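Letter by letter, the chains look like this.
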Number of protein chains: 2
Amino acid sequence: MALVQRLQSVCLHRSAVSLRFLSEQAKLREAWNPTPSFDPKVMTEFLDDQNHELHANMREFLSTDKFFVPQYDIPLAEERELALQRLKQLCDKKFISVHFFSTNPTAVFAAHENASIVDGAMATKMTVQFNLFGGTVLKLGTARHKEVLDGIDSLTNIGCFGLSELGYGNNAVEMETTATYDPETDEFVVNTPTVKAQKYWITNGAIHANHMVVFAQLYTGEVNNGIHGVLVKIRDDEGNTMPGVTIHDMGIKMGLNGIDNAKISFDNVRVPRENLLNKESEVHEGGEYTTKISGNNRARFLKVADQLLSGRICIASMSQGASKACMAIALRYSATRLTAGPSGKSDFPILGYQLQQHALIPLLAKTYIYDIALKQIQAMYAKFSVPGRDIYTVSHREIVMMCCAIKAITGWHVNTAATICRERCGGQGYLAANRFGPAIAGSHSSMTAEGDNSVLMMKVAMEYIADMAAKMKPGKNLSAAVEMLRAKYTPGIVQRKGKNGSGRDIAYIHHILNLREKILFLQVAEKMRVSTKDKAAARAARFEKWSQQEQDSVQAAARAYSDKLISDICYEKIGLADPSIQPILKKLYNLYLITVLQENISFFLTNNLISRKGASSLRDDFDALIKEIAPESLALAEGFGITEEMLSAPIARDWELYNSYDNAGEMKKFEDLARS
Amino acid sequence: MALVQRLQSVCLHRSAVSLRFLSEQAKLREAWNPTPSFDPKVMTEFLDDQNHELHANMREFLSTDKFFVPQYDIPLAEERELALQRLKQLCDKKFISVHFFSTNPTAVFAAHENASIVDGAMATKMTVQFNLFGGTVLKLGTARHKEVLDGIDSLTNIGCFGLSELGYGNNAVEMETTATYDPETDEFVVNTPTVKAQKYWITNGAIHANHMVVFAQLYTGEVNNGIHGVLVKIRDDEGNTMPGVTIHDMGIKMGLNGIDNAKISFDNVRVPRENLLNKESEVHEGGEYTTKISGNNRARFLKVADQLLSGRICIASMSQGASKACMAIALRYSATRLTAGPSGKSDFPILGYQLQQHALIPLLAKTYIYDIALKQIQAMYAKFSVPGRDIYTVSHREIVMMCCAIKAITGWHVNTAATICRERCGGQGYLAANRFGPAIAGSHSSMTAEGDNSVLMMKVAMEYIADMAAKMKPGKNLSAAVEMLRAKYTPGIVQRKGKNGSGRDIAYIHHILNLREKILFLQVAEKMRVSTKDKAAARAARFEKWSQQEQDSVQAAARAYSDKLISDICYEKIGLADPSIQPILKKLYNLYLITVLQENISFFLTNNLISRKGASSLRDDFDALIKEIAPESLALAEGFGITEEMLSAPIARDWELYNSYDNAGEMKKFEDLARS
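A quick note: this is a predicted structure, and the numbers were derived from the prediction, not measured. (Residues numbered from 1 in each chain as written. Chains lettered and ligands numbered in written order. Predicted model: local features only at pLDDT ≥ 70, side-chain atom pairs only at ≥ 80, totals over all residues. Heavy atoms only, no water.)

## Points about the side chain of B:Gln357
All names here are of chain B.
Then comes step 1: Looking at the element boundaries, Gln 357 is found in helix α12 (residues 354-385).
Then comes step 2: There is a polar contact of 2.9 Å between the side chain of Gln 357 and the backbone oxygen of Leu 351.
Then comes step 3: Discounting residues that sit within four places of it in the chain, Gln 357 has contacts with Trp 32, Leu 351, Gly 352, Pro 362, Ile 626 and Ala 630. (Helix = DSSP H or I, 4+ residues; strand = E, 2+ residues; numbered from the N terminus. Polar contact = N/O pair within 3.5 Å; in protein donor to acceptor, adjacent residues only side chain to side chain. Contact = heavy atoms within 4.5 Å.)

What follows is the structure in structure tokens.
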């Protein structure tokens, strides 16, 4: 048994082993396509982009240490402790460090991706400890916070990020918590005035954290200087809650129950003045307030909440880890799950059915394309954020837009991918051990944590329009500009220029994606124009238009920007890939583009950017591409570089073995059999 | 506190109470629209359609008995026991009985709907006990099974439905379990020959059941008579597993963990010959096999699995219960969750935002429309299935198509509704206590239990095409028929006939929905034509076309049938509704129709059934209808007739109170405060 299992595990990595030692499932996977057109290892290297050693070492560690084998029926307290202890092991192995932000931020994201595949709760605790809490102390703290900083990598100091309040999760700038300077004692008094001002959803808060960055309206005398971060010790070294601090455990959530979320409030808790994170702003002894940040309180808020930006890339990385795992599990199962073939006997893998291929392969393509885009955005963020390394001519505004867009797109994608994968794996997909349930629950966190996706899309649109306005002649005739754009690219002209404007003509699709972005933003910009000169009336009119009338257009425009951004990045990156993987990557890219056209076909048809004939023929291109990609799908899943042990799910492995004994829904015995 | 809560609870039912006693949340809900255009009670009566007394009594019972207050952080064993004991209470109150199938089947469905709102696991145990197990014993059993039947309502006999096997969930007719008649002892020998032949996902199996209807290939001598149901006792009266029976607990699932699912196998277990459910087929002493069912083994299988048909209506009813609860929770929260208004202060309910309205209101409309259709299908099923009550001229084929369609449509809908409601409620939606998590997990069961939705859609298409073929001249020119249909209804003509073919013109939309159904089925039928006369080659060719080439068209055609069916039913039923609720129902119906057009806009545009201008203008109609419906949305949620206690979710109630103490994520204390 053990030998069979070991061989099977090896088989995932496509070593040439004799088929006769393999389980039925392994044989069926092998039979799906014994000779894929590319080497999955080359693909893994391409997808990983950077941090190859970290990826390899971390994957190996996560695949060999049995501490990472999932456990399902365990008490809440144990589940939380497990998440912490797993994180500790990753820390001990130095797979993650707050100092990566200074040296190589992309390594932070790589660690998040791998962590999320094996334990989403652990990954979330990681992101709060190292990005939100750690990153904030690193970037906004100074020498006087070194002791806190030094305890982060070892988890000696476990931290929380106290931004959201019960009543102000969607409008943090209005938060009610105050930090009032008391010149008598040279301290800040941190206070929660109302029920709605409780710090809410605080990860690591219910059990594990001893420190918290509390964001609060900073008062010196009667002056509110806006939101600043102040370090508050919430537990002493024995783990007892500090006086004046109230911590309530938030209990069971729809998923990620290994995270100990809390609501936390402060009853005039006093902390030394030095606890203010003072890199940008300072309250001096006696109460004088100084700041390096120009602008109003809102500008200061954006600066202190800056870690949300990298946080969004962290979440995108976690989303992608989960999407990859889901796709690999569903595809591997689909190649081994037999149903009625032409004879009516159960001898035909469901992956051979068009129903299964049309559900899974477009999601596989998106998973690839989003991953390529995400890796590039990670690299651009890293080059932007590490001083002296900014070789790209990209503005802060562009980085913000890209981070918001990729977080939203990958967040929605993992929800769709996990949902469809679950559905297409039927009852087996419903078992917790097969991982889709945890992935779906985790995806909901991806969609609204660190900024509600739709609100982030609004932010993208707002930044885009502000940028447009800055570059545009005031009073420009925007309707005319839209008409000009439309006229320039009627399908007839495109057909003469390109290959009949078909779904296989990438230059043509590129054209119309570009036009869609421009037209939609010009239209939104035009609608947002306000004629009144009265400031209050203009503000009210803009609110009315933006929030009550044009929101669908705002969302569509931001989506058009995102689709185009992702397409642009992939076009370039695929062209630079190893030639052996370019053909399959181009097919995935083409399929992605066709799905974008299909999902927005109403826009392209009603704006005359595609002909009715062209739209009808998309289906043939779609069908044909999927037929070309399907035989490569298991190799593409292998290209994600995720080991069988990391996937864990029995349906991705020898599920007949898993069901041959009393498994009680757990994985331990299976892993013993597989690894012994 | 108690008084405030009581008043608030009353307020849900819109009694005129003074606002000054209400919580902030109750005030905000009241302020949303103090004078809706209709009485929600009239709406409830319309939606419930039948069984008004059962609905009223069951809702009252579920709202007053604290045993139904959800518990979240409890051990698995306790969760399962709770589901059973809750079901027992419903049985004791006679809200459900297997004999309803003989007297009033719609009462079964009403009980399912209400049960699913408070506890999906309990509802699932109910559906297996009363529909799958109970209904099968009732309909396929005879006098000799009376003792088993008599113990069903009281839960003295708890049963399982042993159809699916690990390897044959998707092709049950190929199952491997055998029941072989032994003339020596006049017994059946029930046997599980392989790992893949284990009975899988067996609800009630892991802990509670003592009886099981085992479906098996029935052998007399060497002859396989096809699949039949045999009663097997799996536990004795002390709850010990019977000799030869092996029961494995399937452990933790992505949801519905109150269900005790098992995989079960039999090692040549002997049961008396009389345990065969023999209403339709009999094995006589000595081994002679007789049957009333004409046709082959497949025909017999369909007869013995007939309870799956009502099972699909049960699942649809559960899905609708959950959809209604999710919509009510999300809408009530959205009216009380404040965010930045025109001033930037947090004083504006998110339900006032177009983003929120456009996400929620179309789902609310679908929830209404699907419910109206489901109730009519329930009534038609009831009239068809109870002998002597078939007053509709509807065939068994039509009933099958309607049941499959409504199960699939409502199953997908509850997944979408729960997912979007969760997303639009942000972090609060992530708490288990706010119910979307359990609803999402439950929806996955709705999508693939009792038939994978996509496979049911195939079944719909297959039945439709068989019916078409039976009524059609062989060799009819199908392409020409499609062209004729298209030509007859170009947008130009429709525009002259109707009101400019706009989204508000219901007759026009009705026309094109009708055309879509006809065109798509004619196209599929044409593609499915096979020229070869060789039987095996024809079979292979049809498999290739159906499964590898035309599956998208098959799914689209079945969807077109479903959309049209639902539209037809609603058109008629709304016309018969109380005049006071017709205006709002017509708006919901119109919005539903527009979303159907939007979701299939590529078809309507490329088939020239809507003009580009018409398609562009749909957005204005969509926006306008939502603006008209939004003020009524809380009253519409109230029209579902679900009490605050049944909704349970704190965000649907006084969530500031819920967060004012250490709730640990649980509901008990809140209910004590609210009900004392």
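From this point, the narrative continues.
## Thoughts on the interface of chain B and chain A
Then comes step 1: Contact residues are listed per partner, giving 101 residues for chain B and 101 residues for chain A.
Then comes step 2: Carbon and sulfur atoms make up 51% of the area that chain B and chain A hide from each other, which totals about 8,300 Å².
Then comes step 3: In this structure, the connection of chain B to chain A is made through 8 salt bridges.
Then comes step 4: The partner of A:Arg424 in a salt bridge is B:Asp452, and the shortest N-O contact between them spans 2.8 Å. (Buried area = accessible area lost by both parts, 1.4 Å probe. Salt bridge = Lys/Arg side-chain N within 4 Å of Asp/Glu carboxyl O.)

## Points about the pairing of strand β5 (residues 211-220) of chain A
The two faces of the sheet receive side chains in turn, since in a regular strand these alternate between them.
Residue and element names in this part refer to chain A.
Then comes step 1: Taken across its 10 residues, β5 has 9 buried, putting it largely inside the fold.
Then comes step 2: By the bridge criterion, 4 bridges tie strand β1 (residues 159-162) to β5 in an arrangement that is parallel. Counted as the bridge partner of Gly 162 is Val 214 from β5.
Then comes step 3: As paired elements, β5 and strand β6 (residues 223-233) share 9 bridges and run antiparallel to each other. Following the sheet pairing, Thr 220 is matched in β6 by Val 223.
Then comes step 4: Between β5 and β6, which pair antiparallel and follow one another directly, the connecting turn spans 2 residues, one of which, Gly 221, has a positive phi of 60 degrees. (Buried < 20%, exposed > 50% of the residue type's maximum accessible area, 1.4 Å probe, protein only. Pairing = 2+ DSSP bridges.)

## Concerning helix α8 (residues 120-140) of chain A
All names here are of chain A.
Then comes step 1: A bend of about 40 degrees at Gly 134 is the largest found in α8.
Then comes step 2: Counting buried positions over the 21 residues of α8 gives 19, a clear majority of the element.
Then comes step 3: The N-cap of α8, judged by a side-chain oxygen 3.0 Å from the amide nitrogen of Ala 121 a few residues on, is Asp 119. (Bend = angle between axes of the 7 residues up to and from the residue.)

## Thoughts on the sheet that holds strand β7 (residues 245-249) of chain A
Sheet strands pair by backbone hydrogen bonding; their relative direction is either parallel or antiparallel.
Residues and elements named next belong to chain A.
Then comes step 1: One open sheet accounts for 3 strands, arranged β4-β8-β7; its pairing is antiparallel. Since the sheet does not close on itself, it has two edges, and those belong to β4 (199-202) and β7, each with one partner. Averaged over all neighbouring strand pairs, the angle between strand axes comes to 25 degrees, with direction disregarded.
Then comes step 2: The pairing of β7 with strand β8 (residues 262-266) spans 5 bridges and is antiparallel. When the sheet's bridge partners are listed, Thr 246 is paired in β8 with Ser 265. (Axes fitted to C-alpha atoms, helices over the stretch in contact; angles between N-to-C directions.)

## Quick look at the packing of α12(B) against helix α13 (residues 396-424) of chain B
Residue and element names in this part refer to chain B.
Then comes step 1: Interaxial distance between α12 and α13 falls to 9 Å at its minimum, and their mutual angle equals 155 degrees. Between α12 and α13, the angle falls in the class roughly antiparallel. For the pair α12 and α13, the crossing hand works out as left-handed. (Parallel < 35°, antiparallel > 145°, perpendicular 65-115°, else oblique. Left-handed = near helix turned anticlockwise from the far one by under 90°.)

## Some remarks on the relation of the copies chain B and chain A
Then comes step 1: The two copies are related by a screw motion: chain B maps onto chain A through a turn of 180 degrees and a shift of 0.0 Å along the axis, at an RMSD of 0.0 Å. The relationship between the two copies is best expressed as a two-fold rotation axis. If distances are taken from each C-alpha of chain B to the rotation axis, the shortest is found for B:Ser602, at 3.2 Å.
Then comes step 2: A shared interface surface links the copies, since 100% of the contact residues of chain B are contact residues in chain A too. (Least-squares fit on C-alpha atoms with pLDDT ≥ 70 in both.)

Purely geometric stuff here, so don't read any function into it on its own.
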